[in-house]
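# Breakdown of the fold
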Amino acid sequence: MLPQADMNWIKIPAETIRQYTSDLITKGEFRHLSTITGYQDGETICLLYHFLVPQGGLNVRVCVPLANPVLPSISPVLIGAILYEREIQDLLGVRFEGIVDARRVILPDHFPQDVFPLRKDFKKEDLP
Amino acid sequence: MSEHITLPIGPQHPLLKEPVHFRFTLDGERIVDVDIRLGYNHRGIEKAAEERTYIQDLYMIERICGICSHVHATNFVQATEGVLKTDVPPRALYLRVVVGELERIHSHLLWLGVAGHEIGFDTLFQVVWRDREIVQDLLELITGNRVNYGMNTIGGVRKDLNPAAIEETLKGLKVLEERTNYYAQVVQADSTFIARVSGVGPLPKELAISSCACGPTARGSGVDYDVRRDLPYAAYNEISPPTVAMCWAAHW
């Protein structure tokens, strides 16, 4: 079987993601967050939060505009999300408001501040 | 004079298995902050995958990790099969499980050996890694390869198991089972081993959950979680894998 068979997919407004995560934890439904996947889809950046809840997999999609990719960090309510968020921050240039630690984790210090390697307009030839 | 001391460790350091950099800030002997950099080995595989075909990606993705190569390839083919809505023959799903479980055994033996080495118990390291050769040989027998097995393909697997290989595998597993039971007995009875690890670095259950720990790390902290049971893939929905883990750190 494919693991997708056991999964639920939902989409929620980006600004509600911290409250959503917090509610999962308070209701005792949160079991695990495998990772957060980030990808660019045209003029949008979407994030997929891969939760495990008692019923199985729960994939929560939120989207933010590429021109202003900002959403609340869930790290204040789930500290384990911090490395996932910092990776997306480095590679896709998403800003997580209220993140517990916003320092870089993947890119080196000398890498330009406004270049994000996983965005579609970035080509490997552009590497500084 | 600042009261804090910065202690850089890595990217090259005898303690580290792979290049990472930790910039610890110390207040006396207390660590008050750590700045980490994990990108030294980042090969941009996600970006590279965007520029290749699905079949080319499969072989590249198998090379993300040299310890857990099969599981990355399994994830990738499952995602691709989900997009294509492809049915996979049941025998292929079971063969994915067979290679997946053999990979799990070699991976756990590898880390058991490393754990022995890290606490100065090099005999454990040497005998465990000697035994790990048995499972490496079985993987080579079944797939033709010891590290990147090339077993998976989109829609199934690339190799079948013949009766001779099955017999050889069962024989090898029997030896491994006996040896593993013996090591489990040793680490639960040897007073030097227990004194060295008991109560060292415990990860409380609540912190294991909130820091998104998984696998044996989570189970060692008492979190009842196993992806094979809780979010089954391949043929795991028809098998009930035994889930065990123990941790001396919790015994303080």
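## Notes on the overall build of chain B
Counting its regular elements, chain B contains ten helices and five strands. For the C-alpha atoms alone, the extent of chain B along its principal axes is close to 65 × 50 × 30 Å. Residue burial in chain B is summarised as follows: out of 252 residues, 21% are buried. Across chain B, contacts joining residues at least 24 apart in sequence account for 49% of those joining residues at least 6 apart.

## Some points on the domain arrangement of chain B
Each assigned domain of chain B is listed with its residue range as follows: domain 1 (4-41), domain 2 (88-197) and domain 3 (198-252). Once you take the C-alpha centre of each, domain 1 of chain B and domain 3 of chain B turn out to be 27 Å apart.

## Quick look at the interface of chain B and chain A
Between chain B and chain A, the contact holds 22 residues from the first and 22 residues from the second. Of all elements in the fold, only strand E3 (30-37), helix H1 (45-50) and helix H3 (69-84) of chain B reach the threshold of two or more residues within the side of chain B that touches chain A. Along the lines of polarity and charge, the residues of the side of chain B that touches chain A split into eight nonpolar, eight polar and six charged.

## Examining helix H5 (residues 122-143) of chain B
All names here are of chain B. With 22 residues, H5 should reach 32 Å at 1.5 Å per residue; the first-to-last C-alpha distance of 31 Å fits that figure. Those residues of H5 that sit buried are Leu124, Val128, Asp131, Val135, Leu138, Leu139, Ile142 and Thr143. Buried residues of H5, viewed axially, fall in a sector of 130°; they line one side. Seen from the open side of H5, the exposed residues pointing more than 90 degrees away from its buried face are Asp122, Thr123 and Arg130. Buried residues belonging to H5 abut helix H4 (90-118) and helix H6 (163-189). Note on H5: the residue one or two positions beyond its end, glycine 144, has a positive phi of about 95°.

## Concerning helix H2 (residues 82-92) of chain A
Residue and element names in this part refer to chain A. For H2, the buried fraction is high: ten of the eleven residues fall into the buried class. Of all the positions in H2, only Ile82, Tyr84, Glu85, Arg86, Glu87, Ile88, Gln89, Asp90, Leu91 and Leu92 are classed as buried. A positive backbone phi angle near 70° is found at glycine 93, which sits one or two residues after H2.

## Side note on the nonpolar core
Formed by 28 residues in total, the largest nonpolar core has its most connected members in Ile36, Tyr49, Phe51, Val62, Ala81, Ile88 and Leu92 of chain A. Broken down by secondary-structure element, the contributors of at least two residues to this core are helix H1 (17-26), strand E2 (32-41), strand E3 (44-53), strand E4 (56-65) and H2 of chain A. Every residue in contact with valine 62 of chain A, bar those within four places of it in the chain, is listed here: Ile12, Ala14, Ile17, Cys46, Leu47 and Leu71 of chain A. Leu109, Leu112, Leu139 and Val157 of chain B belong to the second largest nonpolar core, which has 18 residues in total.

## Observations regarding the packing of H5 of chain B against H6 of chain B
Two packed helices can be described by the angle between their axes and the distance between those axes. Residue and element names in this part refer to chain B. In the contact formed by H5 and H6, the axes pass within 10 Å of each other and the chain directions differ by 160°. It follows from the interaxial angle that H5 and H6 lie roughly antiparallel. The element H5 and its partner H6 pack so that their crossing is left-handed. Mapping the contact onto sequence places Val128, Asp131, Ile134, Val135, Leu138, Leu141 and Ile142 in H5 and Ala165, Glu168, Thr169, Gly172, Val175, Leu176, Arg179 and Tyr183 in H6. Among the residues making up the contact of H5 with H6, the classes are represented as ten nonpolar, two polar and three charged.

Here is what the cut-offs are and how they apply
- Going along each chain's sequence as written, the residues are numbered from 1 onward.
- Ligands are numbered from 1 and chains lettered from A, in the order in which they are written.
- It should be noted that, the model being predicted, local features are given only for residues of pLDDT at least 70 and side-chain atom pairs only at 80 or more, the latter also being counted only at that level, while totals for whole chains, interfaces and linings use all residues.
- The numbering of helices and of strands both runs from the N terminus, where a helix is a DSSP run of H or I of at least 4 residues and a strand a run of E of at least 2.
- Here a residue counts as buried when 20 or more other C-beta atoms fall within 10 Å of its C-beta, as exposed when 12 or fewer do, and as partly exposed in between; the C-beta atoms come from the backbone.
- What counts as a contact is two residues whose backbone-derived C-beta atoms lie within 7 Å of each other.
- Domain start and stop positions are those given by an automatic or database domain assignment.
- Only Asp, Glu, Lys and Arg are considered charged, only Ala, Val, Leu, Ile, Met, Phe, Trp, Tyr, Cys and Pro nonpolar, and every remaining residue, Gly among them, polar.
- A helix's residues, less one, multiplied by 1.5 Å, set its expected span.
- For this quantity, the arc is that covered by the directions from the helix axis to the C-beta atoms.
- Remark: nonpolar core denotes a set of buried Ala, Val, Leu, Ile, Met, Phe, Trp, Tyr and Cys residues whose joining runs through C-beta atoms within 7 Å.
- Axis angles are defined between N-to-C directions and span 0 to 180 degrees, where every axis is a line fitted to C-alpha atoms and, for a helix, only to the segment in contact.
- Any angle between 65 and 115 degrees counts as roughly perpendicular, while under 35 counts as roughly parallel, over 145 as roughly antiparallel, and the rest as oblique.
- Helix crossings fall into two classes, left-handed where the near helix is turned counterclockwise from the far one by less than a right angle and right-handed where it is turned clockwise.

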